[in-house]
Amino acid sequence: QVQLVESGGGLEQAGGSLRLSCAASGRAFGKWNMGWFRQTPGKEREFVAEINWSGGTTYYTDSVKGRFTISRDNAKNTVFLQMNSLKPEDTAVYTCAADDPKYGSSFPETQKSEYDYWGQGTQVTVSS
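These notes cover the structure that comes with them. Since the model is a prediction, treat every value here as computed from it, not as a measurement.

1. Details of unusual backbone geometry
And step 1. Put simply, Phe 107 and Pro 108 share a cis peptide bond, and its omega is -5°.
And step 2. Unusually for a residue other than glycine, Asn 77 sits at a positive phi of about 50°.
And step 3. Tracing the backbone shows Asn 77 in the loop between strand S7 (68-73) and strand S8 (78-83).
And step 4. For Asn 77, a relative accessible area of 18% puts it in the buried group.

The structure is reproduced here in structure tokens:
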């Protein structure tokens, strides 16, 4: 059974930085494209960033370009989201997700319905 566990969330001031981690179980991590999504109460879960299976290609939603960086360490089954220059509007629950190629995958993939495994999420709160 695949498990994704996020960590690194917390409270930060505007302009500050946080680094999220997502640790995955299973031997197939190196085959998955990995994404980060976020959600605030009353809103749909939205795409934030994705990294392909090798780590060689990344894709970001416009609102985080130049501020957030997604990366991965396949040897440690972990994907990261470095968040700099944080803004209050970045406040959300951040969740990592895996797009398993055995069910079909494409890159970039911004639709949450196309991801196969999800973590529980970690809260990020940015104060003004």
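The structure having been displayed, the exposition proceeds.
2. Comments concerning the environment of Thr 69
And step 1. Secondary-structure assignment places Thr 69 in strand S7.
And step 2. Owing to a relative accessible area of 40%, Thr 69 belongs among the partly exposed residues under this scheme.
And step 3. A C-alpha to C-alpha distance of 9.7 Å links Thr 69 and Ile 51, two positions 18 residues apart in sequence.
And step 4. Contacts of Thr 69, omitting those with residues within four sequence positions, involve Tyr 60, Phe 80, Leu 81 and Gln 82.

3. Quick look at the side chain of Asn 77
And step 1. Among the polar contacts made by the side chain of Asn 77, one reaches the main-chain carbonyl oxygen of Gly 26 at a distance of 2.8 Å.
And step 2. Non-local contacts of Asn 77, meaning those with residues more than four positions away in its chain, are made with Cys 22, Ala 23, Ala 24, Ser 25, Gly 26 and Phe 29.

4. Thoughts on the pattern of salt bridges
And step 1. For the structure shown, the criterion picks out five salt bridges.
And step 2. A salt bridge links Arg 67 to Asp 90; its shortest N-O distance comes to 2.7 Å. One end of the pair, Arg 67, is in the loop between strand S6 (58-60) and S7; the other, Asp 90, is in the loop between S8 and strand S9 (92-99), with 23 residues separating them in the sequence.
And step 3. According to the relative accessible area criterion, Asp 90 is buried, its value standing at 1%.
And step 4. Bridged by salt links that share partners, the residues Arg 38, Glu 46, Arg 67 and Asp 90 form one connected network.

5. A word on the nonpolar core
And step 1. Leu 4, Met 34, Trp 36, Leu 81, Met 83 and Tyr 94 are the most contacted members of the largest nonpolar core, which totals 27 residues.
And step 2. Going through the elements one at a time, strand S3 (18-24), strand S4 (33-39), strand S5 (46-51), S7, S8, S9 and strand S11 (122-127) are the ones with two or more residues in this core.
And step 3. With residues near it in sequence (within four places) discarded, Leu 4 still touches Cys 22, Ala 23, Ala 24, Trp 32, Met 34, Cys 96, Ala 97, Ala 98, Tyr 117, Trp 118, Gly 119 and Gln 120.

6. Quick word on the sheet that holds S7
And step 1. Ordered in space as S1-S3-S8-S7, the four strands form an open sheet in which the pairing is antiparallel. Of all the strands in the sheet, just strand S1 (4-7) and S7 have a single pairing partner and so form its edges. On average, each strand axis in the sheet is inclined to that of its neighbour by 15°, with strand direction left out of account.
And step 2. Relative to S8, S3 runs antiparallel, the two sharing six bridges. Note that in S8 the partner of Leu 18 across the bridge is Met 83.

Rules and cut-offs
- Residues numbered from 1 in each chain as written.
- Predicted model: local features only at pLDDT ≥ 70, side-chain atom pairs only at ≥ 80, totals over all residues.
- Heavy atoms only, no water.
- Helix = DSSP H or I, 4+ residues; strand = E, 2+ residues; numbered from the N terminus.
- Buried < 20%, exposed > 50% of the residue type's maximum accessible area, 1.4 Å probe, protein only.
- Contact = heavy atoms within 4.5 Å.
- Polar contact = N/O pair within 3.5 Å; in protein donor to acceptor, adjacent residues only side chain to side chain.
- Salt bridge = Lys/Arg side-chain N within 4 Å of Asp/Glu carboxyl O.
- Core = buried A, V, L, I, M, F, W, Y, C linked by side-chain atoms within 4.5 Å.
- Pairing = 2+ DSSP bridges.
- Axes fitted to C-alpha atoms, helices over the stretch in contact; angles between N-to-C directions.

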